[in-house]
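# Chain and residue survey
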Number of protein chains: 2
Amino acid sequence: MGRTVKAVELPVLAPLDRGAGQLGRQLALQLRAAIRKGAMRPGEALPSTRVLATALGVARGTVVEAFEQLVAEGFLEARSGAGTVVSSALADTAKRPGRSAPAAPTTKTSRAASTPLPPLRPLPAPALRYAAITQAMQPVPNVPFAVSVPLGATAPDDTWRKIGNRVRASRSGAPSGYSDPQGLRALRVAIAEYARRARSVRCDADQIIITAGTQQGLHLACQVLLETQDQAWVEDPAYLGITSILAANGPPERVARIPVDDEGMRVEEGLRKAPDARVAFVTPSHQYPLGMPMSMARREALLQWARARNAWIVEDDYDSEMRYAGHPFPALQGLDSQRVIYLGTFSKILFPSLRLGYLIAPPDLVPAFCGARILMDRLAPTAEQHVLAAFIAEGHLDRHIRRVRSAYAESRSFLIALLEKHLPARLATLQAGDQGMHLVLWLADRLRDVDVVRAAGAQGISARALSPTYAGGGADAPVRQGLILGFGGYPEADVTAAVLRLAAIIEQQAGRPDQACR
Amino acid sequence: MGRTVKAVELPVLAPLDRGAGQLGRQLALQLRAAIRKGAMRPGEALPSTRVLATALGVARGTVVEAFEQLVAEGFLEARSGAGTVVSSALADTAKRPGRSAPAAPTTKTSRAASTPLPPLRPLPAPALRYAAITQAMQPVPNVPFAVSVPLGATAPDDTWRKIGNRVRASRSGAPSGYSDPQGLRALRVAIAEYARRARSVRCDADQIIITAGTQQGLHLACQVLLETQDQAWVEDPAYLGITSILAANGPPERVARIPVDDEGMRVEEGLRKAPDARVAFVTPSHQYPLGMPMSMARREALLQWARARNAWIVEDDYDSEMRYAGHPFPALQGLDSQRVIYLGTFSKILFPSLRLGYLIAPPDLVPAFCGARILMDRLAPTAEQHVLAAFIAEGHLDRHIRRVRSAYAESRSFLIALLEKHLPARLATLQAGDQGMHLVLWLADRLRDVDVVRAAGAQGISARALSPTYAGGGADAPVRQGLILGFGGYPEADVTAAVLRLAAIIEQQAGRPDQACR
């Protein structure tokens, strides 16, 4: 067999694309594909590099490079005296799929390369649970009444960007290596001072772990404080972000849902249902989603349980900066800094796409939270930490909060007035609270909030349904229908239009026979 | 009792600080503290707001504000006809710490306010595990031989910062609300194109989830693919970042450590030890920490196992861009995009403090990974995603990689020459590989790598010990002593000084009687 003929016979050798360059790489690609498809069999000899180079009209070095690459990868073997052959190890692989796996189908090596297997494989059980979470917690479009959208008067002004440019041009904000998983010290110092001043939180910078926001703080707390089988108290209703973490990572009975009333979590129900729980997750400043603060008596009862039972309290303080009457409630953490893990965030008061928040832990738990953070994602991006530290230290955060609070107060009053005017009282009842960035609109029982939300979404209105935040457990905490409506930052014309459309949707759904019959 | 006298009798009323402002808040603070300390008892009446305002020399509104705040918090009660009293609910709380908790100590309400409990409480078991991880995975200082420190020629040039300033000034990079947990589409499109071109990864943008780097990708994969009791194959030795996640979240027997040899993971050992494992975690391009690629035969055997057993392969491709001879190895994912979850990162090729990477999943697993990401931290910060998308799309990433690769090649040769010259052959053997950002320096058996690392750290040298990356399981994968030395970016004078000091430390430790006796 003439050498040139042999090279040409190789089915893989489509013409190389000289314009694309990297001829050696192109050649390696073709040879690899041919071996994988079975067009070249284990043990089969390749032409010499010189002959192949001539046949292809390329430099011999190009072919040598391709061969060496495929030898290194295990596709080819260099046999002394016999030139280069397709690796015989590939034949072994194809023949025995694994000693301990006799039931394995004898999938041909060539198969998987281009044909995905038929979809007969079941997905792992956790994958199914997580896929359901994606469905339930998908972000809504940034139109009325999405919560916490930095728009107009609720967005940071240009100071944020300018400080960012300045900080990034300095050495401190420049690209860097791995650093403290707890977060930038300057930022922690600024946060400790802010939390003390604004929230009566008692801590120093060494107790703070910078997070990517409240959600990460909740996740870290679940990891550090709970074994898979440990029980936790969770408010009923509650934020889906906490109930979903617990549901995804353990048996359903680990979650003890505790009803809330006008004073917040009914602690005595927790003591009755699950006295040995390890952790209580609460939103004492502003119950999510209903909006009332936890009373002092309940706070004390909760703390006493935690002390007596060696349990912890995770205080999710997601939006207490936005208060429109009286002072902000002091944090529960200030009553017992040894028992409470405090979660704060800049997602609400600055903007969600920043992804920076903080967790304040009792000193003995700090190393554990650091370890959990390292395993989760190592540390927060550092440039933005430098920017935020400067923003706080230079007084811009306080100014921003004052400005945004007044903007929110205005849009809140505007929305309340519109809802009171346009929503029929027999179908919808407002519960506005006096803090936060959303209000609750209770719906009449014959309406289904998820249907209203779906219909609203189809008309370009974002709202969240209340009913999925309830456990649906029984008579002491019946599921109620309602909407969570954010009131920040949108142009008044957009809000007006959205309220009118929402009113029409509610009227229409209340009047639909299939709804009324339910 | 005269009213003025009564007000003065209140032990809490230290003079208000008029210079500090917020008098109502100061008053509320003092009253709250007094009630918590027990200085004012449940049921006790307060003076009227008018009397108290006069006594304190403040506006009556100031006192009203403080009282209203404390009523809202549950400290005070407004009794019709009886004025304002300390809430009687507080007495109930103090008397009965919880119906179902008879064993609870009768901690006085006043106690927790200022005195932390004695440290008799045990920490949760997971907390102890995570604290140990903090110890083992603490970042090392950014001096030779820390891996992946963007310094000098290995740092991004000013283009990165300038694009950042430009993008942030545009609408797209400005502060925004919650958005797609999968990540910015423009960035995913850019990554899909890059991964296809550079790594032979087969995917489209819809299969990509933007992560905070490889560590988060590993964490997500563990959550989505594994139940607590499911087994996983992990290389021996392996990256502590994966072994620690598995150890922190399940029983030890869930991890099947599979020894590696010159061709990478010994798949036949996996089939023998744990044929029913659900996932194999591998570093096929560049085994971590040892540096060799996985051979083609092993890749095929691994894929066959996964197909036969409905298992998944997680391919951690952390630094394959840095190759100094031949092409980069094509990704395992390119051989079977249905079975492989591919993890890439920009921490190594750009800089670690960026915290952006990507996970490429088979299409049927994408919703699950999104859900796990939402629960972990919702989404990656968006401004940097816009910056990176522009950086890639405008060709800067390719230029940066070319530049950095040549800088790394230079510093690698420089370090190898120094080590060969100064390290005594009887004590240390170099294994340089031909890719990556670190090399391995094997130590003689009588040395202990963790001692060498500790001594080096004390002299301002960063190194990682190899022995902790081994499972220490038995004769087929004995623990070996060695150092992981990063070679990027440091000034040559610093590297020279560090090598000389390291050589002296190794000589000294080898000669120490207590070491030689071990």
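Residues numbered from 1 in each chain as written. Chains lettered and ligands numbered in written order. Predicted model: local features only at pLDDT ≥ 70, side-chain atom pairs only at ≥ 80, totals over all residues. Heavy atoms only, no water.

## So, the overall build of chain A
Here is the rule we go by: Numbering goes from the N terminus for both helices and strands, where a helix is a DSSP run of H or I of at least four residues and a strand is a run of E of at least two. Partly exposed describes any residue whose relative accessible area lies between the buried limit of under 20% and the exposed limit of over 50%, with all areas from a 1.4 Å probe on protein chains only and scaled to the type maximum. Note on areas: these come from Shrake-Rupley sampling with a 1.4 Å probe, and a residue is covered only by the protein chains present in the view.
Along the backbone of chain A there are 19 helices and 14 strands. By the burial criterion, 61% of the 518 residues in chain A qualify as buried. When the accessible surface of chain A is split by element, carbon and sulfur atoms take 55% of a total near 19,100 Å².

## What about the interface of chain B and chain A?
The line we're drawing: Every residue pair with non-hydrogen atoms within 4.5 Å of one another is taken to be in contact. In short, buried area is how much 1.4 Å probe accessible area vanishes from two parts on joining, totalled over both. Salt bridges are defined as contacts in which a side-chain nitrogen from Lys or Arg sits within 4 Å of a carboxyl oxygen from Asp or Glu. Throughout this description, a polar contact denotes any pair of N or O atoms lying within 3.5 Å of each other; where both atoms belong to protein, one of them has to be capable of donating a hydrogen while the other can accept it, and for residues adjacent in sequence the pair is counted only when both atoms sit in side chains.
Opposite the 131 residues of chain B that make contact, chain A presents 131 residues. When the two sides are added together, the surface that chain B and chain A hide from each other amounts to roughly 11,100 Å², 58% of it contributed by carbon and sulfur. For the pair chain B and chain A, the number of links is 2 salt bridges. Of the charged contacts, one joins Arg-129 of chain B and Glu-227 of chain A as a salt bridge, the two residues approaching to 3.4 Å between their closest N and O atoms. Here chain B and chain A share 27 residue pairs in polar contact (both at pLDDT 80 or more) between them.

## Overview of the packing of aromatic side chains
Here is the rule we go by: Note on aromatic contacts: the rings of Phe and Tyr and the six-membered ring of Trp form a pair at centre separations within 6.5 Å, being stacked when their planes are under 30 degrees apart, edge-to-face when over 60 apart, and tilted otherwise. Comment: the charge-over-ring label is applied if NZ (Lys) or CZ (Arg) is within 6 Å of the ring centre and within 35 degrees of the ring normal.
Counted by the stated rule, this structure contains 18 aromatic pairs over all chains. Where Trp-233 of chain B meets Trp-305 of chain B, the ring centres are 3.9 Å apart and the plane angle is 15°; that geometry is what we call stacked. Here Trp-233 of chain B is found in strand 4 (residues 232-236), whereas its partner Trp-305 of chain B is found in helix 13 (residues 296-309), with 72 residues between them in sequence. Across the pair, exposure class does not vary: Trp-233 of chain B and Trp-305 of chain B are buried alike. These aromatic residues form a ring-pair network of at least three members: Trp-160, Phe-351 and Phe-391 of chain A. Positioned above the aromatic ring of Trp-312 of chain A, the side-chain terminus of Arg-339 of chain A is 4.8 Å from the ring centre. Against the face of Trp-442 of chain B rests Arg-480 of chain B, its NZ or CZ located 3.6 Å from the ring centre.

## Considering the relation of the copies chain B and chain A
Rules: In superposing the copies, a least-squares fit is computed on C-alpha atoms, taking residues whose pLDDT is at least 70 in both.
When chain B is fitted onto chain A, the two copies agree to an RMSD of 0.1 Å after a turn of 180° and an axial shift of 0.0 Å. A rotation of that kind, with that shift, is consistent with a two-fold axis. By C-alpha distance to the rotation axis, the residue of chain B lying nearest is Asn-165 of chain B, at 3.1 Å. Counting the interface residues of chain B, we find that 99% of their copies in chain A are interface residues as well, pointing to one common contact surface.

## Quick look at helix 14 (residues 366-377) of chain B
All names here are of chain B. Put simply, the rule reads: Under the convention used throughout, the expected extent of a helix is 1.5 Å for every residue step, that is, one less than its residue count.
Taking 1.5 Å per residue, 12 residues should reach 16 Å; helix 14 reaches 17 Å between its end C-alpha atoms and fits that length. Summarising burial for helix 14: 11 of the 12 residues are buried, a large majority. Looking only at helix 14, the buried set comprises Val-366, Ala-368, Phe-369, Cys-370, Gly-371, Ala-372, Arg-373, Ile-374, Leu-375, Met-376 and Asp-377. Of the residues trailing helix 14, Arg-378 is marked for its positive phi of about 75°.

## Thoughts on the nonpolar core
For clarity, the cut-off: For our purposes a nonpolar core is just a set of buried Ala, Val, Leu, Ile, Met, Phe, Trp, Tyr and Cys residues, chained together by side-chain atoms within 4.5 Å.
Judged by nonpolar contacts, the single largest core of 95 residues is most densely connected at Phe-281 and Phe-369 of chain A together with Phe-281 and Phe-369 of chain B. Beyond its immediate chain neighbours, meaning those up to four positions away, Phe-369 of chain A contacts Ile-209, Leu-220, Ala-221, Val-224, Ile-341, Leu-359 and Ala-361 of chain A.

## Topic: the sheet that holds strand 13 (residues 464-465) of chain A
Residue and element names in this part refer to chain A. Just so we agree on the cut-off: Two strands are said to pair when DSSP picks up at least two bridges between them.
Here 4 strands make up an open sheet; going across it, the order is 11-12-14-13 and the pairing antiparallel. Each of the sheet's edge strands pairs with one partner strand only, and the pair in question is strand 11 (428-431) and strand 13. Inspection of the sheet shows strand 11 paired to strand 12 (residues 438-443) by 4 bridges, in the antiparallel sense. Note on strand 12: the bridge partner recorded for Thr-429 is Trp-442.

## Quick notes on unusual backbone geometry
Apart from glycine, the bulk of residues carry a negative phi angle, and the bulk of peptide bonds sit in the trans form. Along the chain, Asp-236 of chain A connects to Pro-237 of chain A via a cis peptide bond; the corresponding omega equals 5°. Structurally, Pro-237 of chain A can be placed in the loop between strand 4 (232-236) and helix 11 (240-248). If you check the backbone angles, Ser-148 of chain A has positive phi at about 60° while not being a glycine. Along the chain, the position of Ser-148 of chain A falls in the loop between helix 7 (125-137) and helix 8 (158-169). Exposure remark for Ser-148 of chain A: the relative accessible area of 4% places this residue in the buried category. With a phi close to 75°, Arg-378 of chain B is a non-glycine residue in the positive phi region. Here Arg-378 of chain B is to be found in the loop between helix 14 and helix 15 (382-393). For Arg-378 of chain B, a relative accessible area of 13% gives the class buried.

## Some remarks on the state of the cysteines
Residue and element names in this part refer to chain A. In plain terms, the rule: Criterion for a disulfide: a pair of cysteine sulfur atoms within 2.5 Å.
Summed over the entire model, instances satisfying the criterion amount to 0 disulfides over all chains. As a non-bridged cysteine, Cys-203 has Cys-370 as the owner of its nearest cysteine sulfur, 14 Å distant. For Cys-203, a relative accessible area of 8% translates into the label buried.

## Regarding the sheet that holds strand 13 (residues 464-465) of chain B
Residues and elements named next belong to chain B. Pairing is antiparallel across the open sheet formed by 4 strands, whose spatial order is 11-12-14-13. Here the strands that pair on one side only, and so sit at the sheet edges, are strand 11 (428-431) and strand 13. Bridging between strand 12 (residues 438-443) and strand 14 (residues 482-486) involves 5 bridges; their strand directions are antiparallel. Directly across from His-438, in strand 14, lies its bridge partner Gly-486.

## As for the packing of helix 10 (residues 214-225) of chain A against helix 14 of chain B
Condition: The convention used is that axes are lines fitted to C-alpha atoms, helices contributing only their stretch in contact, and that angles between N-to-C directions extend from 0 to 180 degrees. The scheme is simple: roughly parallel for angles under 35 degrees, roughly antiparallel for over 145, roughly perpendicular for 65 to 115, oblique for anything else. When residues are grouped by polarity, Ala, Val, Leu, Ile, Met, Phe, Trp, Tyr, Cys and Pro land in nonpolar, Asp, Glu, Lys and Arg in charged, and all others, Gly among them, in polar.
At a minimum axis separation of 5 Å, helix 10 of chain A and helix 14 of chain B run at an interaxial angle of 90°. One element, helix 10 of chain A, and the other, helix 14 of chain B, form an angle in the roughly perpendicular class. Note on element contacts: helix 14 of chain B touches helix 10 of chain A through Ile-374, Leu-375, Met-376 and Asp-377 of chain B, opposite Gln-215, Gln-216 and His-219 of chain A. Residue classes in the contact of helix 10 of chain A with helix 14 of chain B are distributed as 3 nonpolar, 3 polar and 1 charged.

## Brief notes about the pairing of strand 8 (residues 312-316) of chain B
The side chains of a regular strand alternate, first on one face of the sheet and then on the other. All names here are of chain B. Convention followed: Orienting the strands away from the viewer, one traces the path from the first strand over the helix to the second; a clockwise path indicates a right-handed crossover.
Within strand 8, 5 of the 5 residues are buried, leaving the element largely enclosed by the surrounding structure. Covered by surrounding structure in strand 8 are Trp-312, Val-314 and Asp-316 together with Ile-313 and Glu-315, the residues of both alternating faces. Where strand 7 (residues 279-282) lies against strand 8, 4 bridges are found, and the strand directions are parallel. Considered in strand 8, the bridge of Val-282 is made with Glu-315. Handedness of the crossover joining strand 7 and strand 8 through helix 13: right-handed. As paired elements, strand 8 and strand 9 (residues 340-345) share 4 bridges and run parallel to each other.

## Thoughts on the environment of Met-322 of chain B
All names here are of chain B. With respect to the secondary-structure elements, Met-322 resides in the loop between strand 8 and strand 9. With a relative accessible area of 0%, Met-322 lands in the buried category. Placed 27 residues apart in sequence, Met-322 and Ile-349 show a C-alpha to C-alpha distance of 8.0 Å. Ignoring any residue separated from it by four or fewer positions in sequence, one finds Met-322 in contact with Ile-349, Ile-401, Val-404, Arg-405, Tyr-408, Gln-435, Gly-436 and Met-437.

## Some remarks on the environment of Gly-457 of chain B
Along the chain, Gly-457 of chain B falls in helix 17 (residues 449-458). Between the C-alpha atom of Gly-457 of chain B and that of Val-143 of chain B, which follows or precedes it by 314 residues, the distance is 10.0 Å.

## A short note on the pattern of salt bridges
Throughout the structure, instances matching the rule amount to 44 salt bridges over all chains. Across the pair Arg-199 of chain A and Asp-317 of chain A runs a salt bridge, and its minimum N-O distance is 2.7 Å. Taken together, the residues span a long stretch of sequence, with Arg-199 of chain A in helix 9 (residues 185-199) and Asp-317 of chain A in the loop between strand 8 (312-316) and strand 9 (340-345) at a distance of 118 residues. Using a relative accessible area of 2% as the deciding quantity, one classes Asp-317 of chain A as buried. The salt bridge partner of Asp-206 of chain B is Arg-185 of chain B, with a shortest N-O separation of 2.7 Å. Note that Asp-206 of chain B is positioned in the loop between helix 9 (185-199) and strand 3 (208-211) and Arg-185 of chain B in helix 9, a separation of 21 residues in sequence. Given the relative accessible area of 43%, Asp-206 of chain B is considered partly exposed. Here the salt bridges do not stand alone but share partners, grouping Arg-266, Glu-268, Glu-269 and Arg-272 of chain A into one network.

## What about helix 13 (residues 296-309) of chain A?
Residues and elements named next belong to chain A. An ideal rise of 1.5 Å per residue puts 20 Å on 14 residues; helix 13 measures up with 20 Å between its terminal C-alpha atoms. Among the 14 residues of helix 13, 12 are classified as buried, and the element is accordingly described as predominantly covered. Those residues of helix 13 that fall on the buried side of the exposure criterion are Met-296, Ala-297, Arg-298, Arg-299, Glu-300, Ala-301, Leu-302, Leu-303, Gln-304, Trp-305, Ala-306 and Arg-307. Positive backbone phi, approximately 55°, marks Asn-310, located one or two places after helix 13.

## Looking at the confidence of the model for chain A
All names here are of chain A. Put simply, the rule reads: Across the chain, each position has a pLDDT score giving the predictor's confidence in that residue, from 0 to 100.
Put simply, chain A has an average pLDDT of 87, and 89% of its residues get 70 or more. Residue range residues 93-120 is modelled with pLDDT below 50. Its contacts to residues more than four positions away, or to other chains, number 41 contacts. Every residue in residues 514-518 scores below 50 in pLDDT, and together they form 7 contacts with partners more than four places removed in sequence or on other chains. The complex model carries a pTM of 0.81, and its ipTM stands at 0.81.

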